[in-house]
Structure formats: structure tokens, C-alpha cells
Amino acid sequence: MKKAMKLVWAVLFALPLIAFTSCGDDDEPILDNEGDEITLTDYSDLLNKDRDEIITKKMKDFTPYYQDIDGIFYDNDGNDLGDNIAEVDCFFTFEDIEANPSVVPDKESVEVMVELYDLDANTVLTYLSKKYGEVVANGDGAFTFTKGNMYVWLDIDDEDYLSISYVNKKKFDDYKNSLSTKGETFSIHEHIQALRKAAKARK
């Protein structure tokens, strides 16, 4: 718990710096704690794609470890997903169909989650701020950027385990509104943790 609180305070302390650095030159390198430049492979182009296009075109050089009606799941076991990327998961629904069989998946991916390793939260926040601009802290271990019809979520689990999610904004807003009409609330952090748990259960 102490470790988590230290990370929260570190991130909150870094937000003014992030806002300042986001105004700089887009070509300026972002460095990790070791002073090494980081470049994260951008998987946002997997969003709003149908299953066939993802498998046979966008990810044709990669082998999923599992796929089902919920989504398509890739890890770095035999796949070169990019530096500091452990897993790439494409979801066709915001819910776990096994837990709620009445859910009808979308024909196109509505969320793409990229799991990271060996990067600290401040480094990734700065990187995303330079790329997407203003960030909103959700107060539950998650941060939101917005670009057109896409949300970009950064979820902080601990110092070594982070994830970036690319989300169809309109479809997510509709989903969140449907929960609100039922009196249910939505937490980005809890949502991502649930997706992670469901993905791990498939291995």
C-alpha cells in the first residue's frame, strides 16, 4: 500500500511538469530513468477494425495465443510486439461475455489494450502527454487523453506494470451512459483490471 501511495504522489507531483513538457518540440526524445530514449509501438490502428482485418492484415506477422468472441489476444512469446510491450489485446466488447452471456459483441474492435513492462508511470505519462496533449486524472489510478473519436487511457497498476488502452469514444460513452441509466458506475481502473484478469484466464 505504501508503494502504491508513493507512486500516486509521484504522479501528482509530475503533472505540472508534464503539462509544461507537452508544449515542447514533438521530436524531443522522451527518456526513461536510465536515460535511454523510449519509443512505444502505436497499436491504435487496431481500433475500429474487424476480426479478419486484424488477423490477416494488421497483425499478420503475429500469432495470437487465444481468440474468442470477446477478442484476440497476443503476447510477446514468439512475437516481437515492440520494446517494453508484454501484450496486445483487441476487444470487441467492453464486458466479459463469459460473465454476461447476453452481451452482443461489436463487429469491430472497441478497445485495444497494450500492456507495458519496465517503464515507470511518469515516463509514460510524459510520453503520452507529448503525443496527445492535455491529460485528465480520473482519480482511480487511470488517466485519460482524448484524440478525435478515441480515448487513450493510461492505467497504473504498480511501478513495473502499466497499460495503454485505445478506446472508441462514442461507443464507450454510449456504454457508460447505458450503465448510468441502470444506476451503475464505471471505473477505468477496475474495468482494465477485469479485462486483464479475463485475458490471463484464457492462457
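Residues numbered from 1 in each chain as written. Predicted model: local features only at pLDDT ≥ 70, side-chain atom pairs only at ≥ 80, totals over all residues. Heavy atoms only, no water.

Asker: Explain the nonpolar core to me, please; I cannot follow it from the model alone.
Answerer: Within soluble globular proteins, side chains that are nonpolar generally end up buried alongside one another. Counting 34 residues, the largest nonpolar core has Tyr43, Leu116, Leu154, Ile164 and Tyr166 as its most contacted members. For this core, the elements supplying multiple residues, two or more each, are strand E2 (71–75), strand E3 (85–91), strand E4 (111–117), helix H3 (121–132), strand E6 (142–147), strand E7 (150–158) and strand E8 (161–168). Among the elements that make up this core, the one with the highest residue count is H3 (6 residues). Core analysis: the next-biggest nonpolar cluster, separate from the first, contains 17 residues, Val110, Ala142, Phe186 and Ile188 among them. (Core = buried A, V, L, I, M, F, W, Y, C linked by side-chain atoms within 4.5 Å. Buried < 20%, exposed > 50% of the residue type's maximum accessible area, 1.4 Å probe, protein only. Helix = DSSP H or I, 4+ residues; strand = E, 2+ residues; numbered from the N terminus.)

Asker: Explanation requested: the pairing of E8 in the structure shown.
Answerer: A regular strand places its side chains on the two faces of the sheet in alternate fashion. Extensive coverage of E8 is indicated by the burial of 7 of its 8 residues. Alignment of E4 against E8, held across 7 bridges, turns out to be antiparallel. In the sheet register, leucine 116 faces E8, and the bridge partner there is leucine 162. (Pairing = 2+ DSSP bridges.)

Asker: Explain the packing of aromatic side chains to me, please; I cannot follow it from the model alone.
Answerer: Each aromatic ring pair is summarised here by two numbers: the centre-to-centre distance and the angle between the ring planes. The tally for this structure, following the rule as stated, stands at 11 aromatic pairs. Here the aromatic rings of tryptophan 153 and phenylalanine 186 are separated by 6.2 Å at their centres, their planes lie at 45°, and the arrangement is tilted. Taken together, the residues tryptophan 153 in strand E7 and phenylalanine 186 in the loop between helix H4 (169–181) and helix H5 (188–202) connect sequence positions 33 residues apart. Owing to a relative accessible area of 1%, tryptophan 153 belongs among the buried residues under this scheme. Consider the rings of phenylalanine 172 and phenylalanine 186, whose centres lie 4.9 Å apart with planes at 65°: the pair is edge-to-face. Of the two residues, phenylalanine 172 is situated in helix H4 and phenylalanine 186 in the loop between H4 and H5; the sequence distance between them amounts to 14 residues. Its relative accessible area of 5% is what places phenylalanine 172 among the buried residues. One aromatic cluster in this structure is built from Phe94, Tyr151, Trp153, Phe172, Tyr175 and Phe186. (Phe/Tyr/Trp six-rings, centres within 6.5 Å; stacked < 30°, edge-to-face > 60°.)

Asker: Explain the side chain of glutamate 111 here, please?
Answerer: By the secondary structure assignment, glutamate 111 is in strand E4. Although buried, glutamate 111 forms no salt bridge, and the nearest oppositely charged side chain, arginine 196, lies 9.2 Å from it. Within the local environment of glutamate 111, its side chain forms a polar contact with the side chain of histidine 191, the two groups lying 2.8 Å apart. The contacts of glutamate 111, once residues within four sequence positions are left out, are Leu47, Asp89, Cys90, Phe91, Phe94, Trp153, Ser165, Tyr166, Val167, His191, Ile192 and Leu195. (Lys, Arg positive; Asp, Glu negative; His and termini not counted. Salt bridge = Lys/Arg side-chain N within 4 Å of Asp/Glu carboxyl O. Polar contact = N/O pair within 3.5 Å; in protein donor to acceptor, adjacent residues only side chain to side chain. Contact = heavy atoms within 4.5 Å.)

Asker: What is the right way to read the confidence of the model for the protein from this model?
Answerer: Segments scoring low in pLDDT should not have their predicted coordinates read at a detailed level. Predicted confidence across the protein gives a mean pLDDT of 84, with 82% of residues reaching 70 or more. Taken together, the stretch residues 1–27 has pLDDT below 50 and engages in 24 contacts with residues farther than four places along the chain or on a different chain. (pLDDT = per-residue confidence, 0-100.)

Asker: Can you help me understand unusual backbone geometry in this one?
Answerer: Apart from glycine, the bulk of residues carry a negative phi angle, and the bulk of peptide bonds sit in the trans form. Although it is not a glycine, asparagine 48 sits at a positive phi angle of roughly 65°. Looking at the element boundaries, asparagine 48 is found in the loop between helix H1 (2–21) and helix H2 (51–58). In this structure asparagine 48 comes out as partly exposed when scored by relative accessible area, which is 29%.

Asker: Is there a simple way to explain the pairing of E3 in this structure?
Answerer: Along E3, 6 of the 7 residues are buried, which leaves the element largely enclosed by surrounding structure. With 5 bridges joining them, E2 and E3 adopt antiparallel strand pairing. Residue pairing for E3: glycine 71 is matched across the bridge by phenylalanine 91.

Asker: What is the right way to read H5 from this model?
Answerer: For H5, spanning 15 residues, the distance from its first C-alpha to its last is 21 Å, which sits close to the expected 21 Å at 1.5 Å a residue. When we look at burial in H5, the residues that qualify are Ile188, His191, Ile192, Leu195, Arg196, Ala198, Ala199 and Arg202. Looking straight down H5, one finds its buried side chains confined to an arc of 165°; they lie on one side. Set apart from the buried face of H5 by more than 90 degrees, the exposed residues are Glu190, Lys197 and Ala201. (Expected span 1.5 Å × (residues − 1). Arc of directions from axis to C-beta.)

Asker: What exactly am I supposed to notice about the pattern of salt bridges here?
Answerer: Where charged atoms from two side chains of opposite charge approach closely, those side chains can pair. Tallied over the full model, the rule gives 13 salt bridges. Linking aspartate 75 and lysine 203 is a salt bridge whose minimum nitrogen-to-oxygen distance equals 3.1 Å. With a gap of 128 residues between them, aspartate 75 in strand E2 and lysine 203 in the segment after H5 connect regions that are remote in the sequence. A relative accessible area of 11% means that aspartate 75 is categorised as buried. Of the charged contacts, one joins lysine 171 and aspartate 106 as a salt bridge, the two residues approaching to 3.1 Å between their closest N and O atoms.

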